[in-house]
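Given next are the chains, with one letter for each unit.
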Amino acid sequence: MIAEDNLVNMLLAKTLIKKIAPEATVVEVKNGQEAVDYCQEQMPDIILMDVQMPEMNGYEATKQIRLLQHDARVPIIALTAGNVKGEREKCLDSGMDDFVVKPVVEETMEMILDKWLDKESIALESGQNKSDQGNNAHYSEEKLRQYADDDPEVLQEILSIVTTEIDKSLKSFKALIQEENLLLINEAGHKLYGTAISSGMQTLAEIAREFEHLEQFETEKVTDMYRRLLAEIELVKEMMPSRP
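(A) Broad picture of the overall build of the protein chain. The number of helices and strands found in the protein chain is 10 helices and 5 strands. Each of the 244 residues in the protein chain was classed as buried or not, and the buried ones make up 48%. Sequence-distant contacts, at least 24 apart, represent 62% of the contacts inside the protein chain between residues at least 6 apart. Total accessible area computed for the protein chain in this model is approximately 12,400 Å², and 47% of it derives from carbon and sulfur atoms.

Spelled out as structure tokens, the structure:
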């Protein structure tokens, strides 16, 4: 099971799992409550749990899932957008078994599945690891191609969702800045960071992280940040191919 509210990160995690374990069945849920509800009916072999989600976060969902278990203990792996001090300990204290910082690359996913799953319960394909050779700070096409394993159809699907999510983020920032809603601006920054860092957009991720950690609303500063955000998104979209 993958519990993740970011569509881009959900697609990329699912794509990696299908590359590593083609026969795996992937259950997708978009928040902690849906994860708990599913586990009440059927316990999966492993859970990849995003930490920050709407309705119920990963910490609380993990605690509730642990209360549902009796004999077998399902491995719950934390997925976080940043290695914040003390976050690993908080994840483990809530009942999670391991901790992975996004973006999750193929080598890490394969290591997690190999470490926590019974090898007879899932067929893992080895020898497919690739290193990320794309080093453009604005857009690393190689990163997304690795996720897609150079499959044009999969790459097109990823590019479509990434573009849609970036456009939605830009509209959201514009509205929230007009409202001067600092809390929701922070949340929008966190979500965009997850999309950008997983999609090989380092500069955009850095701008998003600025919004995520903005401590007070200063009109001139926020306006300048938004201008840089808009310019970077326009640049990234120009660099992204319209089709693979």
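(B) Expanded view of the pattern of salt bridges. Under the definition given, this model contains 14 salt bridges. Across the pair Glu28 and Lys14 runs a salt bridge whose closest N-O atoms are separated by 3.0 Å. Remark: Lys14 occurs in helix H1 (residues 7-20) and Glu28 occurs in strand E2 (residues 28-29); sequence separation between them is 14 residues. We classify Glu28 as partly exposed; its relative accessible area is 39%. Given the relative accessible area of 23%, Lys14 is considered partly exposed. Here Glu210 and Arg228 are joined by a salt bridge, their closest N and O atoms 2.8 Å apart. Taken together, the positions of Glu210 in helix H9 (residues 202-212) and Arg228 in helix H10 (residues 219-239) put the pair 18 residues apart, joining distant regions of the chain. According to the relative accessible area criterion, Glu210 is partly exposed, its value standing at 33%. In this structure, a network of salt bridges that share partners links the residues Glu4, Asp50 and Lys102.

(C) Structural view of unusual backbone geometry. Residue Lys102 is joined to Pro103 through a cis peptide bond whose omega torsion reads 0°. Within the fold, Pro103 resides in the loop between strand E5 (98-101) and helix H5 (106-116). Unusually for a residue other than glycine, Glu55 sits at a positive phi of about 70°. The residue Glu55 is located in the loop between strand E3 (47-50) and helix H3 (58-68) in this model. Given a relative accessible area of 71%, Glu55 falls into the exposed group. A positive phi angle is found at Glu180, which is not glycine, with a value near 55°. Among the structural elements, Glu180 can be located in the loop between helix H7 (152-179) and helix H8 (182-198).

(D) Region of interest: H5. Along H5, the positions that sit buried rather than exposed are Glu106, Met109, Glu110, Ile112 and Leu113. Summarising the axial view, the buried residues of H5 lie within an arc of 160°, below the 170-degree limit, and thus occupy one face. If you follow the buried residues of H5, they end up packed against H1, E3, strand E4 (76-80) and E5.

Reading the values: rules and limits
- Residues numbered from 1 in each chain as written.
- Predicted model: local features only at pLDDT ≥ 70, side-chain atom pairs only at ≥ 80, totals over all residues.
- Heavy atoms only, no water.
- Helix = DSSP H or I, 4+ residues; strand = E, 2+ residues; numbered from the N terminus.
- Buried < 20%, exposed > 50% of the residue type's maximum accessible area, 1.4 Å probe, protein only.
- Contact = heavy atoms within 4.5 Å.
- Areas by Shrake-Rupley, 256 points an atom, 1.4 Å probe, with all protein chains shown as cover.
- Salt bridge = Lys/Arg side-chain N within 4 Å of Asp/Glu carboxyl O.
- Arc of directions from axis to C-beta.

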